[in-house]
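Listed here are the chains, written in short residue letters.
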Amino acid sequence: MNERPGPRADTEGGAPVGRRLILGMLGVGALGVAAAAPVQHVLENLAQKDPTGLSGILPNGGGFRYYSVTASVPHKSAETYRLTVDGLVDRPVTYTLPELRALPQTRLVRDVQCVTGWRVPGTPFEGVRLSRILDAAGVRPTARAVRLTCFDGTYSESLTLQQARRADVLVALRMQDKDLGHAHGGPVRLYVAPMYFYKSAKWLSGITVTDEVRPGYWEERGYDVDGWVGRSNGREDAPTT
Ligand SMILES: Nc1nc2c(c(=O)[nH]1)N[C@H]1C(S)=C(S)[C@@H](COP(=O)(O)O)O[C@H]1N2
Ligand SMILES: [Mo]
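Residues numbered from 1 in each chain as written. Chains lettered and ligands numbered in written order. Predicted model: local features only at pLDDT ≥ 70, side-chain atom pairs only at ≥ 80, totals over all residues. Heavy atoms only, no water.

> Help me out: how do you make sense of the packing of aromatic side chains in this one?
Where two aromatic rings form a pair, the distance of their centres and the angle of their planes describe that pair. For the coordinates displayed, the defined rule picks out twelve aromatic pairs. Measuring from centroid to centroid gives 6.2 Å for Y81 and F151, while their planes differ by 70°, and the two rings are edge-to-face. Of this pair, Y81 sits in the loop between α2 (36-48) and β1 (82-87) while F151 is found in the loop between β5 (145-150) and β6 (156-160), placing the two residues 70 residues apart along the sequence. Since its relative accessible area comes to 11%, F151 is described here as buried. Both rings, one in Y217 and one in W218, keep their centres 5.4 Å apart while their planes meet at 90°; by these two values the pair is edge-to-face. Of the aromatic side chains, those joined through ring pairs into one cluster are F64, Y67, W118, F125, Y191 and F197. The aromatic ring of F151 is capped on one face by K76, whose charged end is 5.6 Å from the ring centroid. (Phe/Tyr/Trp six-rings, centres within 6.5 Å; stacked < 30°, edge-to-face > 60°. Helix = DSSP H or I, 4+ residues; strand = E, 2+ residues; numbered from the N terminus. Buried < 20%, exposed > 50% of the residue type's maximum accessible area, 1.4 Å probe, protein only. Lys NZ or Arg CZ within 6 Å of the ring centre and 35° of its normal.)

> Any chance you could explain the sheet that holds β6 here in plain terms?
Sheet strands pair by backbone hydrogen bonding; their relative direction is either parallel or antiparallel. Pairing within the open sheet is mixed, and its five strands lie in the order β2-β1-β10-β5-β6. Looking at which strands have only one partner, the edges of the open sheet turn out to be β2 (93-96) and β6. Strand-to-strand, the axes of this sheet are offset by a mean angle of 15°, without reference to chain direction. Pairing between β5 and strand β10 (residues 204-210): six bridges, direction antiparallel. Within the sheet, the bridge partner assigned to T149 lies in β10 and is G206. Each of β1, β2, β5, β6 and β10 touches helix α4 (residues 130-137); the most contacted strand, β10, lies at about 60° to it. (Pairing = 2+ DSSP bridges. Axes fitted to C-alpha atoms, helices over the stretch in contact; angles between N-to-C directions. Contact = heavy atoms within 4.5 Å.)

> What exactly am I supposed to notice about empty space enclosed by the protein here?
Rolled over the atoms, a probe with the dimensions of a water molecule shows which regions are left empty. Considering all chains together, one arrives at two cavities of 30 Å³ or more under this definition. What the largest cavity holds in volume is close to 270 Å³. Forming the walls of the largest cavity are 20 residues, and the residues nearest its centre are Y67, Y155, R189, F197 and K202. A class-by-class count of the residues in the lining of the largest cavity yields eleven nonpolar, five polar and four charged. (1 Å grid on protein atoms, 1.4 Å probe; cavity = no way out; pocket = protein on both sides within 12 Å on 5 of 7 lines; lining within 4 Å. Points joined across faces, edges and corners; volume = space filled by probe spheres on them. Nonpolar A, V, L, I, M, F, W, Y, C, P; charged D, E, K, R; others polar.)

> What is the right way to read the pattern of salt bridges from this model?
Side-chain pairs of opposite charge can arise whenever the charged atoms involved come near each other. All told, the structure shown has ten salt bridges when counted by the stated rule. Two residues, D179 and R174, come together in a salt bridge whose shortest N-O distance is 3.0 Å. The salt bridge involving K199 is made with E219; its shortest N-O contact spans 2.7 Å. In this pair, K199 is assigned in the loop between β9 (189-192) and β10 and E219 in the segment after β10, connecting sequence segments 20 residues apart. Like K199, the residue E219 is buried in the burial classification. (Salt bridge = Lys/Arg side-chain N within 4 Å of Asp/Glu carboxyl O.)

> Hey, could you run me through the nonpolar core in this one?
Side chains of nonpolar character tend, in soluble globular proteins, to be buried together. Core analysis: the biggest nonpolar cluster contains 57 residues, and L130, L134, L159 and I207 have the highest contact counts within it. Tallying contributions element by element places strand β7 (residues 169-175) first for this core, with six residues. Beyond its immediate stretch of four places on either side in the chain, I207 contacts L83, T84, V85, D86, L130, I133, L134, V146, R147, L148 and V171. (Core = buried A, V, L, I, M, F, W, Y, C linked by side-chain atoms within 4.5 Å.)

> Before we go on, may I ask you to explain the environment of P141 in this structure?
Residue position: P141 is located in the loop between α4 and β5. Taking the C-alpha atoms as reference points, P141 and L88, 53 residues apart in sequence, are found 8.5 Å from one another.

> I tried to follow the environment of P98 on my own but got confused; where do I start?
Residue placement: P98 occurs in helix α3 (residues 97-102). Placed 19 residues apart in sequence, P98 and E79 show a C-alpha to C-alpha distance of 8.6 Å.

> Explanation requested: the pairing of strand β3 (residues 106-113) in the structure shown.
Successive residues of a regular strand alternate their side chains across the two faces of the sheet. Sheet topology note: the β3/strand β4 (residues 119-129) ladder contains seven bridges and is antiparallel. Considered in β4, the bridge of L108 is made with F125. Between β3 and β4, which follow one another and run antiparallel, lie five residues, and G117 among them has a positive phi close to 120°.

> Quick question: what am I supposed to make of the confidence of the model for the protein here?
Parts of the prediction with low pLDDT should not have their coordinates interpreted in detail. Averaged over every residue, the pLDDT of the protein is 81; the share at 70 or more is 70%. When the criterion is pLDDT under 50, residues 55-60 qualifies, and its contacts beyond four places in sequence or with other chains add up to eight contacts. Scored below 50 in pLDDT, residues 232-241 shows 25 contacts in the model against residues more than four places distant or in partner chains. (pLDDT = per-residue confidence, 0-100.)

> How should I be thinking about the side chain of D152 in this particular structure?
With respect to the helices and strands, D152 occurs in the loop between β5 and β6. Put simply, D152 is tucked away with no salt bridge, and the nearest opposite charge, on K202, sits 8.1 Å away. At 2.8 Å, the side chain of D152 forms a polar contact with the backbone nitrogen of T154. (Lys, Arg positive; Asp, Glu negative; His and termini not counted. Polar contact = N/O pair within 3.5 Å; in protein donor to acceptor, adjacent residues only side chain to side chain.)

As structure tokens, then:
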């Protein structure tokens, strides 16, 4: 397994903790991600804590943990929400929430898997295929990747164009057959079904088509851009479902 450069997380918050010990405790040692990444993910989210105390009583909470790399996130309603599509496209566009709801919706039921070890089986997500939004914008021939940005102002994600065009990658409006609530990234989040859940950027506000992959928030901190669950990382040719 390749270990990527990045800040050492296993010394944060005091005395160094054996990396193998923590990975063993979490049962994530065998996951195909950079070895330092899960440790960092845990410690950063523990350190940031939960100022609202809400994480244990979230609606839809069963098995999910609430994650945000920022302390607070503005709320967006059906009136104020906007999704901008720009970059290497012929027709840049900004969608409102009603406009996204009016597009054909795809429902997928898959397991959610976070790199830190928790997993929620059989979770329905519903929304617009990212491929549809890209096609509508007219992706230019020089484009190779997509950068996703969020209205928390900090988080970002990245997909190759080939990954972004998969049928199981959604601009999700619903989760567990309810409109996406704020805590889970509503009103709109990305949903990358075949990859670890860090790929599924919450509070999605921007889709920028680029000429190369630009690593996202966690990816700059050691995670793999190719976050396939249950496959060796780096594969571009995972089957489309
Ligand atoms: N904007 C944003 N998106 C994010 C994150 C985040 O901190 N901020 N965390 C990621 C990680 S690591 C996980 S496991 C999931 C958690 O989603 P949930 O809070 O709905 O359980 O969101 C992903 N998307
Ligand atoms: Mo995660």
